[in-house]
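So the chains spell out like this:
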Amino acid sequence: MYLEMKFDEDGNVTTFEKKKMELYHELSLQARDLRFQHLTSITARNNNIIIRMEALKAVVTPNSLLVLDFRGLGLERWLVLELAPQLNGDHGALATHSLPFEFRALEAILQHRVNTLQARLNEVHPVILDILESLVDPKLLSADRSKLHILLQNSKNLSELETDIKVFKDSLLKILDEEEMIEELCVTKWTDPRVFEESSLGIDHAEEMELLLENYFMQAEELGNTTRELKGLIDDSESVIFINLDSHRNVMMRLNLQLTMGTFSLSLFGLMGVAFGMNLESTFEEDPKVFWLVTGFMFLGSGLIWRRLLSFLGRHLEPTIPPQIPTVWKRNQINSKGGEVKSGLR
Amino acid sequence: MYLEMKFDEDGNVTTFEKKKMELYHELSLQARDLRFQHLTSITARNNNIIIRMEALKAVVTPNSLLVLDFRGLGLERWLVLELAPQLNGDHGALATHSLPFEFRALEAILQHRVNTLQARLNEVHPVILDILESLVDPKLLSADRSKLHILLQNSKNLSELETDIKVFKDSLLKILDEEEMIEELCVTKWTDPRVFEESSLGIDHAEEMELLLENYFMQAEELGNTTRELKGLIDDSESVIFINLDSHRNVMMRLNLQLTMGTFSLSLFGLMGVAFGMNLESTFEEDPKVFWLVTGFMFLGSGLIWRRLLSFLGRHLEPTIPPQIPTVWKRNQINSKGGEVKSGLR
Amino acid sequence: MYLEMKFDEDGNVTTFEKKKMELYHELSLQARDLRFQHLTSITARNNNIIIRMEALKAVVTPNSLLVLDFRGLGLERWLVLELAPQLNGDHGALATHSLPFEFRALEAILQHRVNTLQARLNEVHPVILDILESLVDPKLLSADRSKLHILLQNSKNLSELETDIKVFKDSLLKILDEEEMIEELCVTKWTDPRVFEESSLGIDHAEEMELLLENYFMQAEELGNTTRELKGLIDDSESVIFINLDSHRNVMMRLNLQLTMGTFSLSLFGLMGVAFGMNLESTFEEDPKVFWLVTGFMFLGSGLIWRRLLSFLGRHLEPTIPPQIPTVWKRNQINSKGGEVKSGLR
Amino acid sequence: MYLEMKFDEDGNVTTFEKKKMELYHELSLQARDLRFQHLTSITARNNNIIIRMEALKAVVTPNSLLVLDFRGLGLERWLVLELAPQLNGDHGALATHSLPFEFRALEAILQHRVNTLQARLNEVHPVILDILESLVDPKLLSADRSKLHILLQNSKNLSELETDIKVFKDSLLKILDEEEMIEELCVTKWTDPRVFEESSLGIDHAEEMELLLENYFMQAEELGNTTRELKGLIDDSESVIFINLDSHRNVMMRLNLQLTMGTFSLSLFGLMGVAFGMNLESTFEEDPKVFWLVTGFMFLGSGLIWRRLLSFLGRHLEPTIPPQIPTVWKRNQINSKGGEVKSGLR
Amino acid sequence: MYLEMKFDEDGNVTTFEKKKMELYHELSLQARDLRFQHLTSITARNNNIIIRMEALKAVVTPNSLLVLDFRGLGLERWLVLELAPQLNGDHGALATHSLPFEFRALEAILQHRVNTLQARLNEVHPVILDILESLVDPKLLSADRSKLHILLQNSKNLSELETDIKVFKDSLLKILDEEEMIEELCVTKWTDPRVFEESSLGIDHAEEMELLLENYFMQAEELGNTTRELKGLIDDSESVIFINLDSHRNVMMRLNLQLTMGTFSLSLFGLMGVAFGMNLESTFEEDPKVFWLVTGFMFLGSGLIWRRLLSFLGRHLEPTIPPQIPTVWKRNQINSKGGEVKSGLR
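Parameters and conventions
- Chains are numbered independently. Their residues run from 1 in the order of the written sequence.
- To label them, take the chains in the order written and letter them from A, then take the ligands in the order written and number them from 1.
- Under the rules for a predicted model, residues below a pLDDT of 70 receive no local features and side-chain atom pairs below 80 are neither given nor counted, while totals for whole chains, interfaces and linings still include all residues.
- Where side-chain values are given, they derive from all heavy atoms of the structure, hydrogens and water being excluded.
- We call two residues in contact when some of their heavy atoms are within 4.5 Å.
- Throughout, the accessible surface (probe 1.4 Å) given up by two parts as they are put together, summed over both, is called the buried area.
- Salt bridges are identified by distance alone: a Lys or Arg side-chain nitrogen within 4 Å of an Asp or Glu carboxyl oxygen.
- Polar contact criterion, stated in full: a pair of N or O atoms within 3.5 Å, where within protein one must be able to donate a hydrogen and the other to accept it, and residues adjacent in sequence count only if both atoms are side-chain atoms.
- What counts as a helix is a DSSP run of H or I of at least four residues, what counts as a strand is a run of E of at least two, and both are numbered from the N terminus.
- UniProt positions are given in the numbering used here, feature names are shortened, and annotations may be inferred rather than shown by experiment.
- The criterion for strand pairing is that DSSP finds at least two bridges linking the strands in question.
- In this scheme, a residue with accessible area under 20% of its type's maximum is buried, one over 50% is exposed, and one in between is partly exposed, where area comes from a 1.4 Å probe on protein chains only.
- Here the copies are matched by least squares. The fit uses the C-alpha atoms of residues with pLDDT of at least 70 in both.
- Note on ring pairs: Phe, Tyr and Trp rings are taken, using the six-membered ring of Trp, and paired if centres are within 6.5 Å. Classes follow the plane angle, with under 30 degrees stacked, over 60 edge-to-face and the rest tilted.

Caption draft 1: Spatial organisation of the interface of chain A and chain C. Contact residues are listed per partner, giving 73 residues for chain A and 83 residues for chain C. Both sides of the chain A and chain C interface together cover about 7100 Å² of buried area, and 64% of this is carbon and sulfur. Counting across the chain A and chain C interface gives four salt bridges. Across the salt bridge formed by Glu207(A) and Arg45(C), the nearest N and O atoms sit 3.7 Å from each other. Counting across the chain A and chain C interface gives 15 residue pairs in polar contact (both at pLDDT 80 or more). Residue assignment for the side of chain A that touches chain C shows that the elements contributing at least two residues are helix H8 (205–277) and helix H9 (288–317) of chain A. The element best represented in the side of chain A that touches chain C is H8(A), accounting for 41 residues.

Caption draft 2: Representation of the UniProt feature "transmembrane region" (unreviewed entry) in chain A. Residue and element names in this part refer to chain A. In the UniProt entry, the feature "transmembrane region" (unreviewed entry) is given for residues 259–278 and 290–306. Along residues 259–278, the helical share is 95% and the strand share 0%, with 28 Å between the first and last C-alpha atoms. Here residues 290–306 runs as 100% helix and 0% strand, with 24 Å between its end C-alpha atoms.

Caption draft 3: Spotlight on the pairing of strand S2 (residues 13–18) of chain A. All names here are of chain A. Where strand S1 (residues 2–8) meets S2, six bridges bridge the pair, whose relative direction is antiparallel. By the bridge assignment for S2, Leu3 is matched with Glu17. Counted between consecutive antiparallel strands, the loop separating S1 from S2 contains four residues, among which Gly11 sits at a positive phi close to 95°.

Caption draft 4: Highlighting the pattern of salt bridges. Summed over all chains, the structure comprises 70 salt bridges over all chains. Among the ionic pairs, Glu162(C) bridges to Lys231(C), the shortest N-O distance being 3.9 Å. Taken together, the residues span a long stretch of sequence, with Glu162(C) in helix H4 (residues 145–176) and Lys231(C) in helix H8 (residues 205–277) at a distance of 69 residues. Classification of Lys231(C) by relative accessible area gives partly exposed; the value is 22%. Linking Arg45(D) and Asp33(D) is a salt bridge whose minimum nitrogen-to-oxygen distance equals 2.8 Å. Within this pair, whereas Arg45(D) is found in strand S3 (residues 40–45), its partner Asp33(D) is found in the loop between helix H1 (20–27) and S3, the two being separated by twelve residues in sequence. The pair formed by Arg45(D) and Asp33(D) is uniform in burial state, with each residue classed as buried. When salt bridges with common partners are traced through the structure, they connect Asp246(A), Arg249(A), Asp246(B), Arg249(B), Asp246(C), Arg249(C), Asp246(D), Arg249(D), Asp246(E) and Arg249(E) into a single cluster.

Caption draft 5: Structural context of the relation of the copies chain A and chain C. In the superposition of chain A on chain C (RMSD 0.1 Å, axial shift 0.0 Å), the rotation amounts to 72°. Viewed as a symmetry operation, the transformation between the two copies matches a five-fold axis. Judged by C-alpha distance, Gly277(A) is the residue of chain A that lies nearest the rotation axis, at 4.7 Å.

Caption draft 6: Just the packing of aromatic side chains, in detail. Considering all chains together, one arrives at 20 aromatic pairs over all chains under this definition. Residues Phe264(A) and Trp306(C) carry aromatic rings whose centres are separated by 5.1 Å and whose planes lie at 50° to one another, so their mutual orientation is tilted. Taken together, the residues span two chains, with Phe264(A) in helix H8 and Trp306(C) in helix H9 (residues 288–317). On the numbers, 5.4 Å between centres and 45° between planes, the contact of Phe291(B) with Phe276(D) is tilted.

Here's what the structure looks like:
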């Protein structure tokens, strides 16, 4: 049993249930023609256009559009509020409103598909931009891991969207590549004798159909370009996040090293204090000057050694590259003195 | 010697052994036609379709299907329980049950191949998702290395599956690209005179064959899309794992640095205590206030120095970027204050 | 209402407003022909060439060029100062100044488009080179994070530019791939009988049109090559930045390790001093030699242990690779002794 | 002078030296036809097939195969032991042994080429698998660097092999894409009148040649697939190695941090002991309970502070992600509690 | 004004200046034909071949070769010493010396171009190999950063070379793809009646031209393959460098951790010594055995705790993976016990 909504040329909308066999017979189709095996497909069979666009399954006949099994797919709103008026051709929302019925029906469906893809892109696009914006923030020491989680989710959605756009483009391209298939889509041409007369007035059906399909192909291409750019931006941002995290780490490591140097110096000279703290006779016990001498030596010595270590580190991390090495890009006077995060404790 | 299972048009299944030469003679083929050199191939030779799909080697004649060397390949179950009924066309599982025998045979074999590929995908897909799910868990400090091992194994399987899908698609595409080869596959057309009459009733064999092959090509394409998305997900997850690990490391490093600062402060002022602990005369020995003074100075001094170092670190890691730098994506009011893992010990 | 600027063959420029219907009627076009749905498109309809190049919307008729809705797009300067003289053909800035009007108009518009793309490339190119130059500076311990931000912004712009170049190339390629479309663009050929006579003198319109389009296709290709090289340079530089940061970290880590070794040695032998500092009777209290002995032992022992640890580290980090391993590239006498950042504190 | 080995149709093998001009004359070729400028090429010139497959340079005439300059290339063994018998067609090793001589010669040479490529793949394949197997071993703290060296060498060989396979495929594809070139390769067809009669018996030379070339094209494709999978495996393994090394580092860093916390606690409370160790009067000197009090306080205090720090670290590294975040892949009840390397010293 | 060097068929070389208009007139070309707008182009116009190969601008007429604006481009040496003799055909350096003049001229120019590209590759190739060889040296703790700089420069040059090779290939391919364009390049065919007679002797000009162009296309392809392999090698080497640096870091980190464990143990037991060093009464002061007891306990305790910590670390870093996990590649008896850098201080 098919639940079927029928839109005819004159704007009437009727809904009824029909046995499968009845439907096949009515459209002169065979069972295998209405299997809708692929998520996205447009085929012409026996002067009908059989379309599937994910949830939407439709058959375009020369003077009506049948939408099958439309219940529970979130399509009702669109069917009633948008599709019906568009097919009527009242307010001319479609570029094809002066063309035969199948053009209007096909355009409405393709437009709906592109709109759906666009809506999905509009959903992930700002989320991804926001998350990247906050992740590449150079002030952050560590990436916010719940945001990474959301980013991963969204880039997964983006990949799926990319696939769906590609599949949509491929299904159009397959038709555009074969003259014959375009002709077959112009079902009125084969069924309505008046059309041949009309076409002598300068409108070529096949050419109009090609323009229509090409238009949606290019719209899908634009969506595809945007998703590709977005993927590239995610990749670039990840590199920047890594460089950021690495830079933070290096800065912290230098500070740590500088403090380790300090601790080492204090331990070295503290050993002297420990030595004099032993309960052993050093013969200096009674001389009050020695106390100040040793104490001063300990503090001064620590300080001096630390300073030497720090300056050693400074020299060590900034190797003097031989001046004869040219810059990578042969441009003169690049100011590379900058480097905001230059010095640590020195 | 070939071990051969023969399914004829009327649903009879017979198994027998045959000498190679006998078989060649029966089918009017030459030795090189039945070499099955490539893992996946479909060729028409002398009104027979010779098919190899990995383990399955078959010859479709106008009124029978021969499966060769089927023993020990795990095919028996399928041959007996599924293939035989499908070819009978009893319960109409195939879209082609009203078409000549070779269509039914070809469809059954292609369907089997796609099912096998799908089964392999179904095997690796949930395993990979589960492992990635647990690896990108932001709570983990280090990746579970036995899971990495399993991931590597599965992504290897995924690559092999990808190759097999590609090879299957290519073998179909090679036929679809040449009208002539499609015609050759319609073996009944050339052997059965009645068919020509029938075809005047509107069924074009070559067109039906093209639809059949295209159908399986598109099913393989959908499998290919899924594997590609899965590979992309693995790559994206790996980036997230790296950022996670790096973030953890940075957080730990800051904690470490903060503690090193504390230890340094304590060492510095501890040196004072060590100095007074020396068995040298400092002249303050007898003054009880000095004890409290020095002790207090040591603890307070350490604390103060530590606090200064911590606030120095805080400033150091959050460089004030000149406010005139616009955000990367020219969007206003991005809230980048978040950052759950913001503060350490401060 | 369209605001329209009209350039005719004789160099007159007029601006006026026109109702849409009027315009359609004048050009014998239909509403859908002037929808300009895609950012970049060139189509021939009814002896007019309809062009959109992002902001610029134009219609080329056999003897005039109409620019539509040109206000507020930053195009005025170009329209008045450059386009008008070029179309006049006065100073022969165009290669096509001896050819029919539509050639001149088309060339002027394509040249403008290529110039715009080139200008955008000229904007990001030096900025990216400068930033990379300063980021790969081996002296920097950490990447300047505000520069990374700018780099990210510019590589985003570069991606967008890449897409626009690709779209421009594709729209030219679509025409170049179809002989028929090239013919359609030569609108004079169909409207002006004199041209047929002229063409007998050896100028083939379609061929000239092909050369013209090919020329701009190749210019766009050159731009595309430059952007691709620039993207490659960004990738390569990022690798170098990572290796730089990692190298710095390793050098600092070795220094840190060397100091940790020192601190460990001092702690170990300091423990001896602490032992003797206990208020417990060790029986050596009165012997003045013991003080010097123990003190000397503490300092010397620390030093010796440290030295052993350092040399252990040295051996540990430079594993002797078995000499039988050939070099990767089978070249003899590679001098790999270099390595500027070789030694730490040793 | 060419050193030439000649295999004729009847199985005779003769070796002799010949002047270049003589050879050109004999084969009716010109000097430029025998330049062998490209490493891999198959061309038909004047009823001869001129072949170069890296070291092997050969000319196939309608009834003989000339191998030129074969000395010192490691080809002798193959020429004598394998090629001669194959061309004889004695033991029917070739699929083409019932076809004209040039088929047999061409097949023998192509088979030799594919075997050589396969042998090179067989050489690098197990080495790479072994090395990757040992490098991804999660137990290793650091990658064995001599193995990395060998891996690099082998992946360089793999790249070269990939290029050679591609070149071989391209040279076959160039012929397969042009009907005319396939015809030219069937040299017997043009020289031997009997063949035309024979071909009326149902064997089409050009078709047989196409099958032959296609067969080797597909074998090369299979080799190409394997190399591509192997390259993918190297990439995947490198990611796993990096995650492994990073995980090890994080685990060590946490241990280090936990110990730094301990050392800090001990230093903090040790300062108290140092204070009481000063030679200053604290008025508690004589009270024996104070010794135990302070000592106990030092040890207990250190322990308590350390415990607090450890639990702080524990909380810090496992941020509670808001429960409303869905899992990435919308699957329920993923058990992510695992994590073998969960706890450190706590 | 053009500065022009003219090589005629008979080997005469003349240099003179000519007005642009004069040149156009002489060659029957139009101004736009000699714009040389693209860096690499080969076009036939009016029985002349107009060629630009970067610096070299040339026009091939049926019986002479004009090189334009050749001064100051470093071409003089080649023009005088190599080009003139080649065109004379004296010593037969060209494969085309028996063919009409335009063949010789075209071959000389294409050969020159390929030689130039080859020379550029020869320049960067050994430099890159040398640098990579020294950078992947496993003994180096940190990458030599001045070498990275040079590597970056050279890989930039390599990218530019890759683009130039691609552009050169594309310009040849554009001709090879169109029969008609190949015909147009055979200028003698159209101007010299004798050639038609000659061609009846079996030499087809268009076919010879195709062979000539194809030859240089394949040479360029070989160059392209080498650059691609080199780029792959750079990428692979970078991975190895990263793994090397990471491995070094892990080894150092373990050593550091082992020493931190030692320092912690010493601090812990040192606290006991500090306690006894306090000027507080512990009642043990007078017992000489207590000194040795406590001292021994301190040293022994430190040692024992350290050992426990080290063995804890050992167990921690080598998690026992459940044995049921199969190896990744299902190969038996992989010896993964190796691992040269296995143990630290233990």
